[in-house]
Structures are given as structure tokens and as C-alpha cells.
Amino acid sequence: MSKSIKEIKQEFDNASFEEKEQLCRLYEEDSRSGVQALIRQVKKAQEKLQKEYDRLEGMTEYEKKYPNAEYICGIDEAGRGPLAGPVVAGAVVLPKDSRILYLNDSKKLTPARREELYDVIMEEAVSVGVGIVDAQRIDEINILQATYEAMRQAISKLSVKPDVLLNDAVRIPGVDIMQVPIIKGDAKSLSIAAASVIAKVTRDRMMQDYDQIFPGYGFAQNKGYGTQGHMDKLKADGPSPIHRATFIGGILSGEKKKTADHHARGTYFETGAAAFLEKNGYEILVRNYRCVMGEVDMIGKDGDTYAFVEVKYRADKNMGSPQEAVDEKKQQRIIRCAQWYLMENNLPQDTPVRFDVVSILAGDMTLDKNAFTL
């Protein structure tokens, strides 16, 4: 007795790509319209899948140029153009036989597809590294240098050292690994496409978190790009701490521009304060630490003690002392941030903690250790 159409369909559903071809040949003489419709449907799906495999194979052209390289790493970034948020770089080393279905330039993928592929890449990759450079650093060194810095970070976080870097269009300074810049590489190289997905998803998730901390700018939707709603909010209320002052000066006027200029100036003095602290034996752990409790300019270690440091600047004495600006309200916010940092990093309750202030008055810099206590 011949099998039912339902049973034949079940066979096709359970078959591999190659087995489906055999089943099509096996049932091609079955004249039942239901079986013939099933064969046509399967063949159409196979043709589509074969085109996808062919596309993926075409995206390994550059990888195949280096057959003797054990580890080939794709590099790409996300977030060079937005008005707010970090620039993020991804570095991905895939197995040589990797053919991740539907992997492509992240800009050509839907958000849902990117999320799916992110998980597949993280599971299948030999190694993944991510570099993140925040808005303050972008203002300090410009977006191109910040992108290079994020890429170097990403490479340094890989668990293996690549033999070849396939980069999306750029050549990264300060890297002692062979580099191959590829124009529009995220659409031409599987490795770069994987890096573009990792960078894009990482940054998008960060912007969604920032939307909760700095509501009203629409970061969850616009990801920091200059949509009309975003621009209207900027003009009405000025920038958030994650806006790039060097990107938004032309958008703002009057007091709002002064606020942006203040952020840029603050970044300059914080950089000087970091160097000053390092000369005094501190190890800088975090700059511009932010959490739901607020923010701290710097977190460092002075020996075994974790120092939470506020940096304050005054142009002259008539504006009052920098220390006076760290009032009780500000102190409480810093203390709450410190408690959050200790909890977030699983540090014991008896961890030595200190609250310091770096004062900058008319260009002179002084360090006030233990400026206030819990």
C-alpha cells in the first residue's frame, strides 16, 4: 500500500538537504497532485537555499586567499555617524568551514535577524572581541581615532592572535598583524559581516539601555542618530551626558551650546586629571562610570584602595573653590555609585574605598584624598 501524502510530507520534513533530493527522485512518478505539489514546493525551497549557500560561498573569497592562515579575523564598527553614544567595534574569528545562513552586512538585516545571528556567531565563532569607546573619548580624539581605538580594543580581547585581519575599508594604526582593507567589506567577507553584526547588536543594546537612563531622546528607536524627534529634544533641553559635543555644536544655540561646550571642556580636564592621578600612583580602572545611581568621573586603585574621584574645574578664585562644588548632594550620588560599582563587580563589602577630589583652579591641579566619607 502506498504511503499517504501526510507520511511523505513527514519524510521530507525530517530529511537533510541531500536526502530531500533523493526523495524528490523517489516520488517523481507519483501522480497524486498533492505529492507533485509537495515536490515542487521542496524543489523551490531547495533552489532558494542553494542560492543562499552560493552567496555565502562567494563571501569567502577573501578568506580563501590565505589558506595557510590559521586564524582570519573580520573587523567592523558601528556608530561612527550618530550624535550620541559610543562607537563599537567587533572582531570575529570564524572556523574556516563556517557558513552561517543569512549572514550579511548588518545594515541589510532586520533587527530580529541580527539578534538571531548574534547568538549563532557567539556560539560558532572561534573567538569574538568587542571594543567600546564612549562619547567623551570621541570628543577628545575625534571619531576616526576613536574608531581605531575601539578596533584595537576588540582585537586585544580575542582569545587567539589572528594571522590576518580583514578590515571594512580601513587600515588600523598601531597593529602588528597583516591587514587587508576591503571596501564595503561587510557585504563581501563573511568574517567582516560577522563582525558587523556583533558591533551593531552590541551598540543597539547599549542605546536601548541608555534610553532608560536618559529618556526623551528616543535612543531605543533612533540609536543616537539625528532623527527629527531627537533634534527637537536636543534643541529644547540640551544634550545628555552621552551626546558627542563635537557633533552637535551646529544644532544648538545659546545656553544649549554652552552646555555642549562644557561637556567637551570637561572631557579635556578629565584627561589631564587621569594623567595626574597615574603620576601619583593610581591605576585608572574606569572613566565616566555611569549607572542607574548617577555617574562618577573616574574610578581608580591606589594600592588596594578603590578611589572614586570627582574632577572639578574653576577658571579663577572668584568662582569659588572646586572642592565647594562637590556639595553634599553630589557626594551622596557618588557614594551611591560607589556602592553600585562594588555590587556590580562582586567586590566584598569590606573592600577599602575612598572618595577623592581632583581640583583644577586656573590651571593648577591638586589632589584631595579622602575629601569626604560614607
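Note: the structure precedes this text.
Residues numbered from 1 in each chain as written. Predicted model: local features only at pLDDT ≥ 70, side-chain atom pairs only at ≥ 80, totals over all residues. Heavy atoms only, no water.

As a further point, take the sheet that holds strand β5 (residues 178-182). The mixed open sheet is built from five strands, whose spatial order is β3-β2-β1-β4-β5. Since the sheet does not close on itself, it has two edges, and those belong to β3 (127-133) and β5, each with one partner. Across this sheet, the average inter-strand angle for adjacent strands is 20°, counted without regard to direction. Where strand β1 (residues 72-78) and strand β2 (residues 87-93) come together, six bridges link them in antiparallel fashion. For Gly74, the partnering residue across the bridge sits in β2 and is Val92. Its contacts with the sheet put helix α8 (residues 190-213) on β1, β2, β3, β4 (164-168) and β5, and the angle it makes with β1 is roughly 35°. (Pairing = 2+ DSSP bridges. Helix = DSSP H or I, 4+ residues; strand = E, 2+ residues; numbered from the N terminus. Axes fitted to C-alpha atoms, helices over the stretch in contact; angles between N-to-C directions. Contact = heavy atoms within 4.5 Å.)

To continue, consider helix α7 (residues 143-156). With 14 residues, α7 should reach 20 Å at 1.5 Å per residue; the first-to-last C-alpha distance of 20 Å fits that figure. Burial in α7 covers these residues: Ile143, Ala146, Thr147, Tyr148, Glu149, Ala150, Met151, Ala154 and Ile155. Structurally, α7 contributes buried residues whose contacts are with β1, β2, β3, α6 (135-141), β4 and α11 (245-248). Capping the start of α7, Asn142 holds a side-chain oxygen 3.1 Å from the backbone nitrogen of Leu144, two or three residues further along. (Expected span 1.5 Å × (residues − 1). Buried < 20%, exposed > 50% of the residue type's maximum accessible area, 1.4 Å probe, protein only. Polar contact = N/O pair within 3.5 Å; in protein donor to acceptor, adjacent residues only side chain to side chain.)

Turning next to the packing of helix α1 (residues 5-14) against helix α3 (residues 33-58). α3 packs onto α1 with a crossing angle of 15° between their chain directions and a minimal axis gap of 10 Å. It follows from the interaxial angle that α1 and α3 lie roughly parallel. Viewed along their axes, α1 and α3 form a crossing whose handedness is right-handed. Residue-level inspection shows Ile5, Ile8, Lys9 and Phe12 of α1 in contact with α3, the latter providing Gly34, Val35, Leu38, Ile39 and Val42. Per-class residue counts for the contact of α1 with α3 are seven nonpolar, one polar and one charged. (Parallel < 35°, antiparallel > 145°, perpendicular 65-115°, else oblique. Left-handed = near helix turned anticlockwise from the far one by under 90°. Nonpolar A, V, L, I, M, F, W, Y, C, P; charged D, E, K, R; others polar.)

Attention shifts here to the environment of Lys65. Tracing the backbone shows Lys65 in the loop between α4 (61-64) and β1. Through-space distance from the C-alpha of Lys65 to that of Asp350 is 55 Å; in sequence the pair is 285 residues apart.

Let us now look at the packing of helix α5 (residues 111-124) against α8. Where α5 contacts α8, the axes come no closer than 9 Å and their chain directions differ by 120°. By the angle class used here, α5 and α8 are oblique. Considering how the two elements wind past one another, α5 and α8 form a crossing that is left-handed. Across the interface between the two elements, Arg114, Glu115, Leu117, Tyr118, Asp119, Ile121 and Met122 of α5 pack against Ala194, Val197, Ile198, Lys200, Val201, Thr202, Asp204 and Arg205 of α8. Looking at the contact of α5 with α8 residue by residue, the classes come out as eight nonpolar, one polar and six charged.

Now for the nonpolar core. Ranked by internal contacts, the top residues of the largest apolar core, which has 22 residues, are Cys73, Ile75, Val87, Ile155, Leu165 and Ile172. The element that contributes the greatest number of residues to this core is α7, accounting for seven residues. Excluding residues that lie within four positions of it along the chain, Cys73 makes contacts with Ala91, Val92, Val93, Leu158, Pro162, Val164, Leu165, Leu166 and Ser191. Judged by nonpolar contacts, the second largest core, of 18 residues, contains Leu109, Tyr118, Ile121 and Ala195. (Core = buried A, V, L, I, M, F, W, Y, C linked by side-chain atoms within 4.5 Å.)

Moving on: the side chain of Asp105. With respect to the element layout, Asp105 can be found in the loop between β2 and α5. Taking the relative accessible area as the measure of exposure, Asp105 reaches 5% and is therefore buried. Excluding residues within four positions of it along the chain, Asp105 makes contact with Asp186, Ala187, Ala193 and Ser196.

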